[in-house]
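# Structural description and commentary
Read off the chains here:
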Amino acid sequence: MALNSVESGLERIKPSLDNAARSLGENSLGVLRRVHAPLMGGSLLSAALLVFVDVMKELPATLIVRPFNFDTLAVRVYQLASDERLAESSAAALVIVAVGIVPVILLSQQIAGGDRNE
């Protein structure tokens, strides 16, 4: 999920930037810290938000790999809804939606801000 976002950020960094930083005396760590990190910040944030939203709503994997006697919010909503206790499951489902919408809003603002800068 995050691969495309990170790859697009890396494609924007031209090799000439690395060469320029090297010619100014930066070592590999300095090039990463002073050139790559600022240019990749938006792409890495986008990738992290996409992965967060996708992982948060992923129910089948959660049901398979969760430890015994440990229920996540998604599992709890699933159990209550499958028992047809919809009124009890609605609050937890709304929490999932509320927590998931915040990164989506941040991502959309970042994308809109990126369009204005270019």
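A brief look at the structure comes next. The shown structure was predicted, so the numbers you read here are calculated from the model rather than taken from an experiment.

## Examining unusual backbone geometry
For Glu 84, which is not a glycine, the phi torsion comes out positive at approximately 60 degrees. Mapped onto the fold, Glu 84 is located in the loop between helix H5 (73-82) and helix H6 (86-117).

## Side note on the environment of Glu 88
Position of Glu 88 relative to the elements: it lies in helix H6. A relative accessible area of 48% means that Glu 88 is categorised as partly exposed. Taking the C-alpha atoms as reference, Glu 88 lies 35 Å from Gln 110; in sequence the two are 22 residues apart. Engagement of the side chain of Glu 88 in a polar contact is seen with the side chain of Arg 85, the distance being 3.1 Å.

## Quick word on the packing of helix H1 (residues 3-11) against helix H3 (residues 28-56)
A pair of packed helices is captured by two measures, namely the crossing angle of their axes and the spacing between those axes. Two elements in contact, H1 and H3, have axes whose closest approach is 8 Å; the angle formed by their N-to-C orientations is 175 degrees. Between H1 and H3, the interaxial angle falls into the category roughly antiparallel. The segment H1 lies against H3, with Ser 5, Val 6, Gly 9 and Leu 10 engaging Met 40, Ser 43, Leu 44, Ser 46 and Ala 47. In terms of residue class, the contact of H1 with H3 is built from 5 nonpolar, 4 polar and no charged.

The rules behind the values
- Residues numbered from 1 in each chain as written.
- Predicted model: local features only at pLDDT ≥ 70, side-chain atom pairs only at ≥ 80, totals over all residues.
- Heavy atoms only, no water.
- Helix = DSSP H or I, 4+ residues; strand = E, 2+ residues; numbered from the N terminus.
- Buried < 20%, exposed > 50% of the residue type's maximum accessible area, 1.4 Å probe, protein only.
- Polar contact = N/O pair within 3.5 Å; in protein donor to acceptor, adjacent residues only side chain to side chain.
- Axes fitted to C-alpha atoms, helices over the stretch in contact; angles between N-to-C directions.
- Parallel < 35°, antiparallel > 145°, perpendicular 65-115°, else oblique.
- Contact = heavy atoms within 4.5 Å.
- Nonpolar A, V, L, I, M, F, W, Y, C, P; charged D, E, K, R; others polar.

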